[in-house]
Amino acid sequence: MVKLSKVEDWPTPPEVYNWRVYMNAIIATFAAVMIGYDSAFIGTSVSLASFKNEFSLATKSTAEFNLISANIVSMYQAGSFFGAILGYPIGYFIGRKWGLFVSAGIFVVGAILQTVANPSIGLGIIYAGRIIAGLAIGVASNLAPIYVAEIAPPAIRGRCIGLYELMWQAGGVVGFWINYGVTLHIPTGHKQWVIAFAVQLIPGGLLLIGSLFLTESPRWLVSRDRNNSAMKSLCNIRNLPPTHPYIVEEMSSIEATIQHERNLAGAGFLGPLRAVFASKALILRLILGSSMFVWQNATGINAINYYSPTIFKSIGVTGQNNSLLTTGVYGIIKLVGALVWLLYIVDQFGRRPALIGGSAGGAVCMYYIAAYIAIAKPAEHPTTSLTPGGKSAIAFFYLWTVFYSPTWNGTPWVYTAEIFPQHVRVFSQACMAASNWLYAFLIARFTPQMFTAMGYGVYLFFASLMIMSIPFVYFYVPETKQIPLERMDEIFTPGLPAWCAHRTVMNSIQYEQHAYNPQGFRSSSKTSITEKEEIERVEVA
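Each chain carries its own residue numbering, running from 1 in the direction its sequence is written. In keeping with the predicted nature of the model, local features appear solely for residues at pLDDT of at least 70, side-chain atom pairs appear and are counted solely at 80 or more, and the whole-chain, interface and lining totals rest on all residues. Calculation of side-chain values draws on the structure's entire complement of heavy atoms; hydrogens and water are dropped beforehand.

Q: Which parts of the structure should I look at to understand the packing of aromatic side chains?
A: Centre-to-centre distance and the angle between the planes together describe a pair of aromatic rings. Pairing of aromatic side chains here covers Phe, Tyr and the six-membered ring of Trp, requires ring centres within 6.5 Å, and sorts the geometry by plane angle: under 30 degrees stacked, over 60 edge-to-face, intermediate tilted. Counted under the stated rule, the structure contains 34 aromatic pairs. Each ring, one from Trp295 and one from Phe472, has its centre 5.5 Å from the other, and the planes form 40°; the classification is tilted. Remark: Phe472 occurs in helix H22 (residues 457-476) and Trp295 occurs in helix H14 (residues 280-298); sequence separation between them is 177 residues. Given a relative accessible area of 15%, Phe472 falls into the buried group. Chaining the aromatic ring pairs together yields one cluster made of Phe176, Phe312, Tyr330, Phe397, Tyr398, Trp400 and Tyr404. Labels follow the DSSP assignment, with helices taken as runs of H or I lasting at least four residues and strands as runs of E lasting at least two, numbered in each case from the N terminus. The buried label applies to any residue whose accessible area, calculated with a 1.4 Å probe on protein chains only, is under 20% of its type's maximum; exposed applies above 50%, and partly exposed to all values in between.

Q: It is not clear to me how the pattern of salt bridges should be interpreted in this structure. Could you clarify?
A: Opposite charge on two side chains permits them to pair, given that their charged atoms come into close proximity. We count a salt bridge whenever a side-chain nitrogen from Lys or Arg sits within 4 Å of a carboxyl oxygen from Asp or Glu. For the structure on display, the rule yields six salt bridges. Ionic pairing is found between Arg96 and Glu150, a salt bridge with its closest N-O pair at 2.8 Å. Separated by 54 residues along the polypeptide, Arg96 in helix H5 (residues 95-115) and Glu150 in helix H6 (residues 124-151) bring together distant segments of the chain. Relative accessible area serves as the criterion here: at 16%, Glu150 is assigned to the buried category.

Q: Any chance you could explain unusual backbone geometry here in plain terms?
A: Residues other than glycine predominantly adopt negative phi, and peptide bonds predominantly adopt the trans conformation. One non-glycine residue with positive phi stands out, namely Asn239, at about 60°. Within the secondary structure, Asn239 sits in the loop between helix H11 (227-238) and helix H12 (245-265). Its relative accessible area of 35% is what places Asn239 among the partly exposed residues. Here the phi dihedral of Lys377 falls at roughly 50°; this positive angle occurs in a residue that is not glycine.

Q: How should I be thinking about the packing of H5 against helix H9 (residues 201-210) in this particular structure?
A: Two measures define how a pair of helices packs: the angle their axes make with one another and the distance between the axes. Only the stretch in contact is used when a helix axis is fitted, and all axes are lines through C-alpha atoms; the angle between N-to-C directions ranges over 0 to 180 degrees. H9 packs onto H5 with a crossing angle of 155° between their chain directions and a minimal axis gap of 8 Å. Comparing the axis directions of H5 and H9 gives the class roughly antiparallel. Here H5 runs over H9; the crossing is left-handed. Facing Leu100, Phe101, Ala104, Gly105, Phe107, Val108, Ala111 and Ile112 of H5, the residues of H9 in contact are Leu201, Gly204, Gly205, Leu207 and Leu208. For this classification, the nonpolar set comprises Ala, Val, Leu, Ile, Met, Phe, Trp, Tyr, Cys and Pro, the charged set comprises Asp, Glu, Lys and Arg, and every other residue, Gly included, is treated as polar. Considering only residue class, the contact of H5 with H9 consists of ten nonpolar, three polar and no charged. Angle categories: roughly parallel below 35 degrees, roughly antiparallel above 145, roughly perpendicular from 65 to 115, and oblique for all the rest. Crossing handedness is read from the near helix: turned anticlockwise from the far helix by less than a right angle, it gives a left-handed crossing, and turned clockwise, a right-handed one. Whether two residues are in contact is decided by their heavy atoms, any of which lying within 4.5 Å being enough.

Q: Could you clarify how one ought to interpret the domain arrangement of the chain in this entry?
A: When the parts of a complex come together, some accessible area is lost, and that lost area is often used as the size of the interface. Segmentation of the chain into domains, including their bounds, is taken from an automatic or database domain assignment. Partitioning the chain into domains gives domain 1 (14-214) and domain 2 (270-477). Here the C-alpha centroids of domain 1 and domain 2 sit 20 Å apart. Both faces considered, domain 1 and domain 2 share a buried interface measuring about 3,600 Å² in area, 72% of it formed by carbon and sulfur atoms. Per-residue buried area on domain 1 facing domain 2 is highest for Gln77, Tyr88 and Phe176; these three make up 19% of the total on that side. Put simply, buried area is the surface a 1.4 Å probe can reach on two separate parts but cannot reach once they are joined, added for both.

Q: Would you mind going over the nonpolar core with me for this structure?
A: Residues grouped as a nonpolar core are buried Ala, Val, Leu, Ile, Met, Phe, Trp, Tyr and Cys residues, joined through side-chain atoms within 4.5 Å. The biggest cluster of nonpolar side chains holds 128 residues, and the ones touching the most others in it are Phe51, Tyr330, Trp400 and Tyr459. Among the elements that make up this core, the one with the highest residue count is H6 (13 residues). Each of domain 1 (14-214) and domain 2 (270-477) contributes no fewer than three residues to this core. In this structure Tyr330 touches Phe176, Ile301, Ile304, Asn305, Phe312, Phe397, Tyr398, Trp400 and Thr401, once residues within four positions along its chain are discounted. If you look at the next biggest cluster of nonpolar residues, it comprises 13 residues, including Trp220, Cys235, Tyr246 and Met251.

Q: Looking at this structure, I do not really get the side chain of Ser428. What am I missing?
A: Considering the arrangement of structural elements, one finds Ser428 in helix H21 (residues 425-454). By relative accessible area, which is 0% here, Ser428 ends up buried. Ignoring sequence-local partners within four residues, the contact set of Ser428 consists of Leu286 and Phe420.

Given below as structure tokens:
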């Protein structure tokens, strides 16, 4: 049974859990809706006959069309890569609130450029719009989760951060279904493809307007030595007066934490950078975190997200509407998987078992699909309806989604948020977000050519990579479930094997708790909020 009750280690007034916290979190996470929507709609839009006819793509050779579609899709990821890096200085200098406002404004400009495209202007304006929108998304994907993590009370922080992943998948569902719904009512013409492009303006506009009403992060304000403004923001978010003991304690904790970070990393913009690159241990963790996104993309997820019509066509799905319908079902399964991951798997089941199980199950599904295509050759024997073998291949594709969604989909984001110390986490998360977009760009750019050159070999390729990820996780990825963030360095102790690091550290923690506090109560309530801020798991992208 899933429990959504709040777990507190510090007496918290009920006023703290107010509508302002949730409203700020919902507004900020509309950035994730923009990301999810784009990953879902663009591949199906480019594949529409109306889009191909309007831009004279229907007469192109397969190789020429693959190159054009890959450029349209991947320009977005390229922009996002640079945006993720740019998000660090923007978040540092102008703050979370105005950083999100700027990113939303840039996104709206990019979406407008894509929407006004027509044959007389050509595809160049779509390329430009995709790069600009991607730049904005890179910034927003960095700032939104950090903002939510900083404003949410500890007991509901994980739940609020979970909204980011949930909104991402919700945006994806809309993106996967938008073209199916449009084509049912508009069989052809300019409106058929342009509506999906124009819908981007809705989440972008909502974030642009909504960000004006956000309350700036008290933690960021303290980091800029604007303590009076920070106190006002904290009181507004917590719905308590400045003299309330909870506010006094939390404000003191924030100030002490910021000072502690400055002592560790040094003051200023470059402090965290120097701290990371001066430490061999943190450099190795940076490589480990980046590798998590290599293996995430090695599952084939972005190839499927951005080129789902190509995927289903290779299995034998014929007809534009059938392809779009099949893609829509895929989006719903992903959303359900994200809910299962959020409510149960990530904290109850653990990171390592989820990743290993997802890879093993997903690889079997990919191998089956490859075998079916190699034997049945559906592209060479097209039919008006799926054969029993084709239906089984679709079933295994959906089963692959069941294995992927609650495992590799969100876990790398949580894991990379946990393994870095607090004083370098904002910088490290910018690096992790940039890593994600870099590998997504490579997949988006070369997937069409891979299908043309390799055929069913693409499925063998991704299946084999998923198998290779299993020993990587087993030997190099220690479990982090229930490990306090301030004890995270211990699971990376030199010489401590990854497969037993979690048990070793947890035994040490339990021994200390029993030795120093046998009744199970905290020995000092003074440090409760600071420790809880360190212990809480958050997904920062």
